[in-house]
Amino acid sequence: MKRLIPVLAGLLCLVQPLAAQPVFRMDAKAPNLTVEMLDGGTVKLSKCRGRVVLMSFWATWCKPCLKELHEVPDKILKRFEGQKFTMIAVAKGEPRVTVEKKMAELVAAGVVFPVGLDPYEKISRLLGDDRIPQLVVIGPDGVVRYHEVGYTPERLDEVAALIETLLPR
């Protein structure tokens with residue numbers, strides 16, 4: 001048994017990097033996943049083919065996330081309303097009740113956007129990076145066209161310009 005432990009530890013070191021590989025990779029097909037939405041519905045990425053999808057990964061306690069999400073209705077949602085565009089703000093690592101409470105505050109302040117739930121971080125782990133906020137843009141062909149971590153004031157303008165170029169004509 002004592003000889004088996006170093007062998008198992010060595011195997012774990014080989015397998016661990018494989019498990020940490022991101023699934024949301026630039027210029028690769030996005031994973032086929034289903035997001036449970038706060039409103040009780042679901043969104044399947046496979047059903048979004050032909051649409052541009054913006055996924056924002058955030059948490060209720062993350063100040064840069066909330067700053068960015070405050071800008072989403074004006075800079076993104078209003079601009080692409082009625083077009084082949086879907087946005088999902090995926091709340092990661094928090095229970096529904098926590099997200100509901102934060103969304104009640106945001107809605108009262110006039111900040112409304114579609115919210116997905118990822119309490120066990122099953123979707124978020126596919127990013128290969130725990131940091132937030134993160135934005136992922138998936139083209140109408142299902143390919144990841146943008147994946148960035150962090151917040152800057154100009155980032156949503158850049159994303160909006162990219163979405164504009166990806167929208168089907």
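Residues numbered from 1 in each chain as written. Predicted model: local features only at pLDDT ≥ 70, side-chain atom pairs only at ≥ 80, totals over all residues. Heavy atoms only, no water.

So, the pattern of salt bridges
Inclusion rule: By salt bridge we mean one thing: a side-chain nitrogen of Lys or Arg within 4 Å of a carboxyl oxygen of Asp or Glu. Counting from the N terminus, the helices are the DSSP runs of H or I reaching at least four residues and the strands are the DSSP runs of E reaching at least two. The cut-offs for exposure are 20% and 50% of the maximum accessible area for each residue type, with area from a 1.4 Å probe on protein chains only; residues under the lower value are buried, those over the upper are exposed, and the others partly exposed.
If you walk through the whole model with that rule in mind, you get eleven salt bridges. The salt bridge partner of E164 is R79, with a shortest N-O separation of 3.4 Å. Here E164, found in helix α4 (residues 155-166), pairs with R79, found in helix α2 (residues 63-80); they are 85 residues apart in sequence, far enough to count as distant. Exposure remark for E164: the relative accessible area of 28% places this residue in the partly exposed category. For R131, the salt bridge goes to D129, with nearest N and O atoms at 2.7 Å. Several salt bridges share partner residues, and in doing so they unite E36, R96 and E100 into one network.

Overview of the state of the cysteines
When the sulfur atoms of two cysteines share a covalent bond, that bond is a disulfide. Cut-off, in case you're wondering: Cysteine sulfur pairs qualify as disulfides if the two atoms are within 2.5 Å.
The final tally for this structure, using the stated rule, is one disulfide. Here C62 pairs with C65 through a disulfide, and the sulfurs are 2.4 Å apart. Taking the torsion about the sulfur-sulfur bond, which here is approximately 75 degrees, the covalent link between C62 and C65 counts as right-handed. Each member of the pair, C62 together with C65, is buried.

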